[in-house]
Amino acid sequence: ESKRPPEPTLPDPGNTILITAGPTHEPIDAVRYVGNRSSGRLGVELSDAAARAGWKVILALGPTPLAPSETAVETHRFQTTADLGALLAEHQPRCDVLVMAAAVADYRPARPLTAQQKLRRTGDRLVLELEPTPDLLAQCSARRRPGQCLVGFALEPRAEMLSSARGKLERKGVDCIVANPLETMDASTIDAVLLGRDGSERHTGGPVPKADFAPWLLSAIEEARHATQP
Ligand code: CTP
């Protein structure tokens, strides 16, 4: 007799998942920004997989050429950390699960020039002063409603991946955190662990293509969610 693959854990009917994806761009002047190498691919794959699995999906998507292929995904675009903060304030109350896959800036130019101004070359050294951005995930955690499940990401050097991710799980007050090594950024595969607040660890067991990782992670989140809140 052939062995059947395990049944995927399906969402409860009508459940809404809010996914954030992609980098942030923090303006320096009219034409320049501080950004990062995130492609947003993982969050877009997650959105498509969630829509196919029956979730109502809201995607907050940063500056990337990628877009979801499932037409049912409700997509809102952002550029800056502040834009994303506003989208989260608007849409978080509607969601049952928030997956914060966006690579949000930790610092942004403290005094950006306006969209009409451009920094000129002078030949002198230029110091760009940065200020810290708000921790959006911690803000979401502070205003969550009961039963809402918050999932963060932690991109870490492999050697300290699990300990650092556990620290973030506590610090940000989230239910789960996806720990993945630095090499994941911009790559087509991912080798990750979903850490739960209850001490649980769910491993992919080696690098998997991001398209296969998406349904794996959705099932793992649902398992973790129902293990703690029956
Ligand atoms: N995050 C956020 N707001 C920020 C920075 C990060 O919501 N200003 C979120 C990310 O989307 C991710 C999680 O927090 O889900 C962890 O991000 P990471 O950059 O790894 O953690 P930091 O708190 O920024 O810690 P560090 O840079 O020291 O690793």
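Keep in mind that this is a model prediction, so the values were computed, not measured.

Let's hear about the sheet that holds strand E9 (residues 149-156): which residues, and what values?
A sheet is described by the order of its strands in space; here eight strands give the open sequence E5-E4-E1-E6-E9-E10-E12-E13, paired in mixed fashion. Edge positions in the sheet fall to strand E5 (74-77) and strand E13 (201-203), since each has one partner strand and no second. The average undirected angle you get between the axes of adjacent strands in this sheet is 15°. Across three bridges, the pairing between strand E6 (residues 97-100) and E9 is parallel. Note on E9: the bridge partner recorded for Leu 98 is Leu 150. Where helix H4 (residues 161-172) meets the sheet, its contacts fall on E9, strand E10 (176-181), strand E12 (193-196) and E13, and the angle it forms with E10 comes to roughly 150°.

Could you give an account of the site of the ligand, naming the residues involved and the relevant values?
Not every one of the 16 residues close to the ligand is listed here, only the nearest: Ala 102, Asp 106, Leu 137, Lys 168 and Lys 172. Here an oxygen atom of the ligand sits 2.8 Å away from a polar atom, N or O, in the main chain of Ala 102. Interatomic distance of 2.7 Å between a side-chain N/O atom of Asp 106 and an oxygen atom of the ligand. Starting from 580 Å² of accessible surface for the ligand in isolation, the protein chains cover 76%. For the shell around the ligand, the elements supplying multiple residues, two or more each, are helix H3 (136-142), E9 and H4. Counting residues per element, the shell around the ligand draws most heavily on E9, which supplies four residues. By residue class, the composition of the shell around the ligand is 10 nonpolar, two polar and four charged.

Hey, could you go over the environment of Ile 221 for me, with residue numbers and the actual values?
Positionally, Ile 221 belongs in helix H5 (residues 210-228). In this structure, the C-alpha to C-alpha distance between Ile 221 and Ser 188, residues 33 residues apart in sequence, is 21 Å. Those residues in contact with Ile 221 that lie beyond four places of it in its chain are Val 97, Val 99, Cys 149, Val 151 and Leu 194.

Provide a residue-level description of the packing of helix H1 (residues 41-53) against H5, including the pertinent values.
Where H1 contacts H5, the two axes come as close as 8 Å, and the packing angle between them is 60°. Classed by the angle they form, the pair H1 and H5 counts as oblique. Read as a crossing pair, H1 and H5 show a hand that is right-handed. Contacts from Arg 41, Leu 42, Glu 45, Leu 46, Ala 49 and Ala 50 of H1 reach H5 at Lys 210, Ala 211, Phe 213, Ala 214, Pro 215, Leu 217 and Leu 218. Its residues placed into classes, the contact of H1 with H5 shows 10 nonpolar, no polar and three charged.

Cut-off values and rules
- Residues numbered from 1 in each chain as written.
- Predicted model: local features only at pLDDT ≥ 70, side-chain atom pairs only at ≥ 80, totals over all residues.
- Heavy atoms only, no water.
- Pairing = 2+ DSSP bridges.
- Helix = DSSP H or I, 4+ residues; strand = E, 2+ residues; numbered from the N terminus.
- Axes fitted to C-alpha atoms, helices over the stretch in contact; angles between N-to-C directions.
- Contact = heavy atoms within 4.5 Å.
- Near = heavy atom within 4 Å.
- Polar contact = N/O pair within 3.5 Å; in protein donor to acceptor, adjacent residues only side chain to side chain.
- Areas by Shrake-Rupley, 256 points an atom, 1.4 Å probe, with all protein chains shown as cover.
- Nonpolar A, V, L, I, M, F, W, Y, C, P; charged D, E, K, R; others polar.
- Parallel < 35°, antiparallel > 145°, perpendicular 65-115°, else oblique.
- Left-handed = near helix turned anticlockwise from the far one by under 90°.

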